[in-house]
Amino acid sequence: MSSSSDTKQQSRLSLATVSLFVAALSLGSSFYQGYLNTRNIEIVQRNVARAEYIRTCKETIEAYFQIKLKTAMLIDHSRERTVLQRNTGDTMVALDAANTVSRFKALGTYLANFHGEPIRAQYTQLSNELESIIGRAGSDGKPVEVLFESADKLFTAMNENCSNLSRIGPT
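Okay, so let's go over this structure.

To continue, consider the environment of Ser 163. Relative to the elements of secondary structure, Ser 163 occurs in helix 5 (residues 149-168). Remark: the alpha-carbon pair of Ser 163 and Cys 57, spanning 106 residues in sequence, is separated by 8.5 Å.

Next comes the structure, spelled out in structure tokens:
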């Protein structure tokens, strides 16, 4: 009788051990699945931030070239018109160019937030340079290429920052 009682007790003990093992595996699996889910969410968030950054870089680049085009238009306008026509036409072109500079400044500020202080200073310097160029365009007789010499250098650095950060994504 004793051996049958021992066998039943061992059977219950084995069943309890197997049940605990299965519960531990289930708990471990649940933790691992939670970890994977968290990593997946982080990857998706990083990808969304990277896509937003790339979109903003694209818009900033587009705004920069629009500023160059509008500056050229402003210079052409001031050369080809009479004094009365210049005042009216130049004002509209200048306002449009200034509006584009404001858009560039807003986008540049957003992009600068992904970088440290030295790069923020470069973005601010570029924005101020573009604003100055629009103010001088047409009045000093310089062609667009000359007006944009320093701005082009700053823009090249900004474009390189965009390129580098878009590959790895904002942190």
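We now examine helix 3 (residues 117-136). Over its 20 residues, helix 3 extends 28 Å from the first C-alpha to the last, a length consistent with the 28 Å expected when each residue adds 1.5 Å. Following helix 3 by one or two positions, Gly 138 has its phi on the positive side, about 85°.

Moving on: the state of the cysteines. Per the counting criterion, the structure on display carries 1 disulfide. Through a disulfide, Cys 57 is tied to Cys 162; the S-S separation comes to 2.1 Å. Measuring handedness by torsion sign, the sulfur bridge of Cys 57 and Cys 162 sits at about -95° and is left-handed. Here the residue Cys 57 occupies a position in helix 1 (residues 2-80), and Cys 162 occupies one in helix 5, the gap between them amounting to 105 residues. Per residue, the accessibility class of Cys 57 equals that of Cys 162, and both read buried.

Along the chain, Lys 70 turns up in helix 1. Not counting residues up to four positions away in its chain, the partners in contact with Lys 70 are Val 93, Asp 96, Ala 97 and Thr 100.

Moving on to the pattern of salt bridges. Once their charged atoms are close, side chains differing in charge can pair, the charge on each being opposite to the other. In this structure the tally under the stated criterion is 8 salt bridges. Of the charged contacts, one joins Glu 59 and Arg 103 as a salt bridge, the two residues approaching to 3.8 Å between their closest N and O atoms. Taken together, the residues Glu 59 in helix 1 and Arg 103 in helix 2 (residues 83-112) connect sequence positions 44 residues apart. Put simply, Asp 96 and Lys 70 hold a salt bridge, and the shortest N to O gap is 3.2 Å. A residue pair is termed long-range when its members are at least 10 positions apart, and Asp 96 in helix 2 and Lys 70 in helix 1 qualify at 26 residues. Connected through shared salt-bridge partners, Glu 52, Arg 55, Glu 59 and Arg 103 make up one network.

Rules used throughout
Residues numbered from 1 in each chain as written. Predicted model: local features only at pLDDT ≥ 70, side-chain atom pairs only at ≥ 80, totals over all residues. Heavy atoms only, no water. Helix = DSSP H or I, 4+ residues; strand = E, 2+ residues; numbered from the N terminus. Expected span 1.5 Å × (residues − 1). Disulfide = S-S within 2.5 Å. Buried < 20%, exposed > 50% of the residue type's maximum accessible area, 1.4 Å probe, protein only. Contact = heavy atoms within 4.5 Å. Salt bridge = Lys/Arg side-chain N within 4 Å of Asp/Glu carboxyl O.

Coordinates in, geometry out; function isn't part of it.
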